[in-house]
Amino acid sequence: MKNVVGNPARGENFFRREREVRKILTSISNGNNIQIAAPRRVGKTSILFHMLDEASGGYKYVYVDTESIDAEEDFYKKLLKEILKLPGMQRAGEKFLKTANSFARRIKGLKILEVGIDFEDDHVAISYYEDLVHFLSGIELDTNEQLIILIDEFPQTILNILARHGIDATTRFLQSNRTLRINPDILDKVRFIYTGSVGLNHTVAAIDSTAFINDLNTLEIEPLGKEEAALFLAGLLATRGVVIRDIAREHLLKKLEWLIPFHIQLLVQELLRMDLSNSSVDCHHVDLAFEEIVSTRNDNHFVHYYSRLKTQFKGQELKYVSEILRIMADSGCISQVELFDKAVFFEVDGQYRKIIAILVYDGYIHHISNENVYRFNSPIVRMWWLKYVY
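(A) Fine view of unusual backbone geometry. Positioned with a positive phi, Ala 55 is a non-glycine residue whose angle comes to about 50 degrees. Considering the arrangement of structural elements, one finds Ala 55 in the loop between α2 (44–54) and β2 (60–65). Exposure remark for Ala 55: the relative accessible area of 36% places this residue in the partly exposed category. One non-glycine residue, Glu 153, adopts positive backbone phi at about 65 degrees. As for its placement among the helices and strands, Glu 153 is situated in the loop between β5 (147–152) and α7 (154–165). A relative accessible area of 12% means that Glu 153 is categorised as buried.

Right under this line is the structure:
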């Protein structure tokens, strides 16, 4: 298992997260369309690629990254293009388009060439949404086969359309997605999984459009359990012939607290930079790795935590968020009472619950109920905040 830092892990480099995959497959088998909720760097995309590569559950998968898309028709055109890339789909599509099927006759944006199916890009009256609906409605899949469309960075697509075309166009886009999902000619053979590093619920709530995603089953991708994290850590080190002593492993996991794969990978990267005597990691090495993980060479892995705040929040909300995170970085935690007092001071008390919910979802902070305080999820992010932001 290679230590793939920053990019989705695939194949033998993917740590098999059976609990999360099983959760998704169970939801699909129950007939649900899904939104996967998890902060950035928890491993959502790696899990999707694993399901794609392994054809998990016997389904046919297509992965579509829509992060750069900023128009509704471009979104549906890309979905159609990626579906047509599936093995055997070009041939099935040609057969379908040549029939007298009523769905096939309505498709205007596809043409059959000697080399396969192509797009009628010069036809201004084409609706790729309608073409996708007719294609999915009429195409014949293998018996009992279902197509799972994995749509990554969907919330960012919503924000792109909002920025370029405004609220009305964005609302229509969300509505057309919902209409596609619940189309009776499609829903028995196609399922949709949406995910992204921006919270979908908060994104649509900001434009009063939650009704257009209320059909989705929300699944949370959790950090690794302690045993999983220990196995993942040992596997990454073993690839380089390195072992970690039991006491050092416990020390590392306790210091790490938030056991997401990416932070374990960063720590392993720092450990492997060291001159390890006897190819063995002890507690001293672990402490050094934690110090080095927030060095400037790793800044690119953490700066997004700060820069994203400026896109998520504006004006007094941004000032409020900056202040409460400063307090948490400095003091280790902040009480519920102080959160509200600061919200009143910055005149955002009407929005503070929403703001805190966004920070929790995006992986910045969590609530300790028995103490009624909030603190950073990750001691590493807190260390970086103290060093570069505070």
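(B) Quick peek at the sheet that holds strand β11 (residues 365–368). Taken in spatial order, the three strands line up as β10-β12-β11 in an open sheet, and their pairing is antiparallel. The outermost strands of the open sheet, each flanked by one partner alone, are β10 (334–335) and β11. In terms of strand pairing, β11 meets strand β12 (residues 373–376) through four bridges, oriented antiparallel. Among the inter-strand pairings, His 366 is bridged to a residue of β12, identified as Arg 375.

(C) Representation of the packing of helix α4 (residues 89–98) against helix α6 (residues 128–138) within the structure. Axis separation between α4 and α6 bottoms out at 11 Å; the angle between their running directions is 95 degrees. Considering their axes alone, α4 and α6 lie roughly perpendicular with respect to each other. Contacts from Met 89, Gly 93 and Phe 96 of α4 reach α6 at His 134, Phe 135 and Gly 138. Residue classes in the contact of α4 with α6 are distributed as three nonpolar, three polar and no charged.

Cut-off values and rules
- Residues numbered from 1 in each chain as written.
- Predicted model: local features only at pLDDT ≥ 70, side-chain atom pairs only at ≥ 80, totals over all residues.
- Heavy atoms only, no water.
- Helix = DSSP H or I, 4+ residues; strand = E, 2+ residues; numbered from the N terminus.
- Buried < 20%, exposed > 50% of the residue type's maximum accessible area, 1.4 Å probe, protein only.
- Pairing = 2+ DSSP bridges.
- Axes fitted to C-alpha atoms, helices over the stretch in contact; angles between N-to-C directions.
- Parallel < 35°, antiparallel > 145°, perpendicular 65-115°, else oblique.
- Contact = heavy atoms within 4.5 Å.
- Nonpolar A, V, L, I, M, F, W, Y, C, P; charged D, E, K, R; others polar.

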